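An overview of the molecular structure
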Amino acid sequence: MKKSAGGILRLNWLFFLGLPVMGSIWLLGADCIDFLIWWLALSAVGWLAWPLAARLFPDGDCGYLLAKPLGLGLSSFLLWTCSYLRLLPFHRWSIIAVLALTGVIAWGFRRNRQAIGNPLETPGFMVRIVAGESLFSIGLLIWSFARGLKPELDSLEKFMDIGFMNSLWRTDYLPAWDMWFSGKTINYYYYGQYVYAFLAKLTGIRPEIAYNLGMASTFAFTLALSYAAGSRLIAFARRHAPQIAAGWQTAGGLLSAFLVTFAGNGHAFLYNESSPGHVLLKFFQSLGLAGGNTDTAYWFADSTRFIGYNPDTADKTIHEFPFYSFLVADLHAHVINLAFVLLLLALLSGLADRSRLLQAAANYCRQIGRQPAFPGKPRLRQAADRLLQFCRPVFSDGCLWLAGLLLAIFMMGNFWDFAIYFAVISLVLFFIDIRGCGSQPIRAVGIPVFALQMAMILVPFLYAGNPAVALILYLAALIISCGLTLTVADALTLTGVQMTWLFFLAHALTLPFNLAFEPISKSIALAVNHTPLWQWLILWGPHILAGVILLVFLLCRGPGQRQPRIFPPPAGERAMVFRNQNRIAFFLKNQNPADLFVLILFVCALGLIIVPECVYVVDIYSGDYKRSNTMFKFTYQAFILFSLVWAYALARIGSHWRDFPARIAALGLALLLIVPFWYPLQAAGQWLGTFSRDRYQGLDGLAPIAQKDSEQIPGESAAELAADYAAIQWFNEKVAGQPVILEAYGDSYTDFCRISAFTGLPTVVGWQTHEWLWRTSKANPNAYGTVVVPRQEDVKTLYTTTDQLVRQALLEQYDIQYIIIGDLERQQFSEVSESGRTSLVQEDLLLQSGSVVFTEGSLLVIKVDLDQ
């Protein structure tokens, strides 16, 4: 028996290590070394934090899969904060130091180590570990190969994303310098790019390769963590309904992984001409129930640009989802943040059933209205003691601290996710407090008190200009909120305290970032345009239907096996409790809490697709695109929540397979899966082509630049940017630090500003729309006219003026040390001679500003002599 167990263990470890090693050698060729170093770095980060993950996620694999994002979040946040405070530089040795500190904290305490136990003595434990690691490794390997099929970083948002990473690569201390606005730091949410720069510096892998490995990591995180989140939801249900077979936990996790990672919305199934749903669409069109053009060939991006585009209207919107993001490979904030979002959702599935929070709410609600137990003790003091009994477990709870940290990361990485998931967490906390407060969870007098609690955090958030002052006001709001519950204690007011605590905690953790950040000016406005119902249903109808089927199933089953009261009241109060309990309390008490939790996620997802129909966030985009960004960010998260609900619904209903209605509902949900899974079957081939090894180009995202036919340079010929590629390599090899360079500015999503993007060296002004967005604030509401245009005029003057004194003054003003003269500069600031040759207006005078230190083809790099 022992020999057999040892053989299985060796087989597990062989599979654990052999899969990434042999797979990368076979698929990635020479890139396998970088891949394996990257994989080992991610694995090491997870191993170091595993005991902490085991404390927070004690069941199943003891949080092994979740340890990777947890360790990455903890260690990167620690260095981020220390670097902002000038305590540690953003160097490799300091990265190793914070990782070592994380490991000491995690493994140094016996209680943490005991949370893992002895894996060899737990049946099936190592199998779960190896299976989870294999899922992550397979995802990382597959998408590294996919990125190698199309590695170029020269389209959509990639110049911005690689620019952030290159600036961080050269950065000694945070905040990082803006590569497109010299002399200023990045005024955007760039924590996500920082995380992968963190790993790039740790491994020594340059950003142009780390970018593609980072995208593959995001894919792998999404696959593995959505499995963890989905399986934990079924595990939550099994804790209250042990009759659910263990196999459904695995099935729910795998379905969650595939729905979140690979699936699309309903558009492709209907509008792709080869789909069986296309006939159905034409039938609906004949009845006048649907519209749009069906004559043009389907393109995978059409599914993310449907409302406002087909048919063409004055309401252009964006409704993306993860698999589209993985295909186009923009390493953007909302994509990188998927790992931390899924970590939070996995955390919430445990938080919703956390006994210490349930008990704190139950005790406080039951005791606050009673007479003091000790007659000699003043009533107010006794109430304060009871308040302390409620606050202590709340303020010290590790899950809530992690939730606050993740909200802080959202605030610095993708602010939309902070707003969205603060609301989701609040609903989960309200769910906990309703369960804890018993028969009368909500009192009428608690509604205005809760409104006051929310006003005390929203007013400083909206109007306090100084982050430190706002933080003090949040602390005051927390103290007052706690005091208000001394007189009114119900589920609403207790949730108000917890929300205020999380709001304060998240802002306290982000204070160093916020002090160096000027908030981008935004406001809320009523939506002018609205989505036609038929388009709304095409995009999200199947996902909504899955949630509705789950709801109907739960309602038709009626009250399940009565759930035991978590914390029964004293004997003298039981009659009163059962006599006064209302229908809500009865329903909540007699349903599986996991079912109710998933319905909360379903309600949140519905809310996220409804909100853009009512209001939108006003930013620099106007006209036909005014609600585009709002719909993009809200529906992206709605898709994730809908996918988890669908997977849970199928597994939960399928667990009642012996019941004929449940069998029909489960089969219906399973057949409906063809709709979202039609998208990846079409999209992957259209964008990436066939997955064959002979098409693999490598992971270097910079190399394809050398063969590019640039749309900004007249003519059609390859290698128009070969000289620029050589200049980028020269800068990266020869120039240390972050001296300012001068290159042509240009429109966003063009090849302009290529040197600054691929070197991290700041230029005077870069992509104009991006800088317009980043520099728009309350202090500069018209940033384009007051901030961007003046710099553009200065750049134009530097390239075109005949007055050398004026040029010299501007060179000194911006501390410019290198001037680039390439075909893009000649195109931007050029005159055409009689012979038809395009040349820079004042190229000869520019040469007088210094000495040429690099030439390649027609491209020159001049090192400025500021002593002239």
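Everything numeric here is computed off the predicted structure, so don't read it as measured data.

Examining a nonpolar patch on the surface
Together, Leu-280, Phe-283, Phe-284, Leu-287 and Leu-289 give the surface a local cluster of nonpolar side chains, amounting to about 470 Å² of exposed area. Along the chain, Phe-283 turns up in helix α12 (residues 277-286).

Considerations on the pattern of salt bridges
Opposite charge on two side chains lets them pair, provided their charged atoms get close. Applying the stated criterion across every chain, the model contains 21 salt bridges. A salt bridge links Asp-330 to Lys-158; the nearest nitrogen and oxygen atoms lie 3.1 Å apart. Taken as a pair, Asp-330 in the loop between α13 (322-328) and α14 (333-336) and Lys-158 in helix α7 (residues 158-170) lie far apart in primary sequence, 172 residues in all. One exposure class covers both Asp-330 and Lys-158, and it is buried. Lys-316 is the salt-bridge partner of Asp-312, the closest N and O atoms lying 2.9 Å from each other. Linked through salt bridges whose partners overlap, the residues forming this network are Asp-724, Glu-743, Arg-754 and Glu-825.

Description of the packing of aromatic side chains
Considering all chains together, one arrives at 67 aromatic pairs under this definition. Ring centres 5.4 Å apart and planes at 40° place the aromatic pair Phe-164 and Trp-774 in the tilted group. Taken together, the positions of Phe-164 in helix α7 and Trp-774 in helix α33 (residues 768-775) put the pair 610 residues apart, joining distant regions of the chain. No difference in accessibility class separates Phe-164 from Trp-774, as the two residues are buried. Ring plane angle 65° and centroid distance 5.4 Å describe the contact between Phe-422 and Phe-503, whose orientation is recorded as edge-to-face. On the criterion of sequence distance, the pair formed by Phe-422 in helix α19 (residues 415-437) and Phe-503 in helix α22 (residues 491-509) is long-range, its members being 81 residues apart. By relative accessible area, Phe-422 is classed as buried at 11%. In this arrangement the basic side chain of Lys-201 is found over the ring face of Phe-90, its NZ or CZ atom lying 4.0 Å from the centre. Sitting over the ring of Tyr-309, Lys-316 keeps its end group 5.7 Å from the ring centre.

Focus: the sheet that holds strand β4 (residues 816-821)
Strands pair in a sheet through their backbones, by hydrogen bonds, and they do so in one of two ways: parallel or antiparallel. Spatially, the 4 strands line up as an open sheet ordered β3-β4-β8-β7, and their pairing is mixed. Unpaired on one side and paired on the other, β3 (740-742) and β7 (850-856) mark the two borders of the sheet. Each neighbouring strand pair of the sheet contributes to a mean axis angle of 25°, computed without reference to strand direction. Relative to strand β8 (residues 859-864), β7 runs antiparallel, the two sharing 6 bridges. Following the sheet pairing, Thr-855 is matched in β8 by Leu-860.

Calculation notes
- Residues numbered from 1 in each chain as written.
- Predicted model: local features only at pLDDT ≥ 70, side-chain atom pairs only at ≥ 80, totals over all residues.
- Heavy atoms only, no water.
- Patch = residues over 30% accessible without salt bridge, like charges linked within 9 Å, V, L, I, M, F, W, Y side chains within 5 Å.
- Areas by Shrake-Rupley, 256 points an atom, 1.4 Å probe, with all protein chains shown as cover.
- Salt bridge = Lys/Arg side-chain N within 4 Å of Asp/Glu carboxyl O.
- Helix = DSSP H or I, 4+ residues; strand = E, 2+ residues; numbered from the N terminus.
- Buried < 20%, exposed > 50% of the residue type's maximum accessible area, 1.4 Å probe, protein only.
- Phe/Tyr/Trp six-rings, centres within 6.5 Å; stacked < 30°, edge-to-face > 60°.
- Lys NZ or Arg CZ within 6 Å of the ring centre and 35° of its normal.
- Pairing = 2+ DSSP bridges.
- Axes fitted to C-alpha atoms, helices over the stretch in contact; angles between N-to-C directions.

Read these as layout, nothing more, since geometry by itself doesn't imply function.
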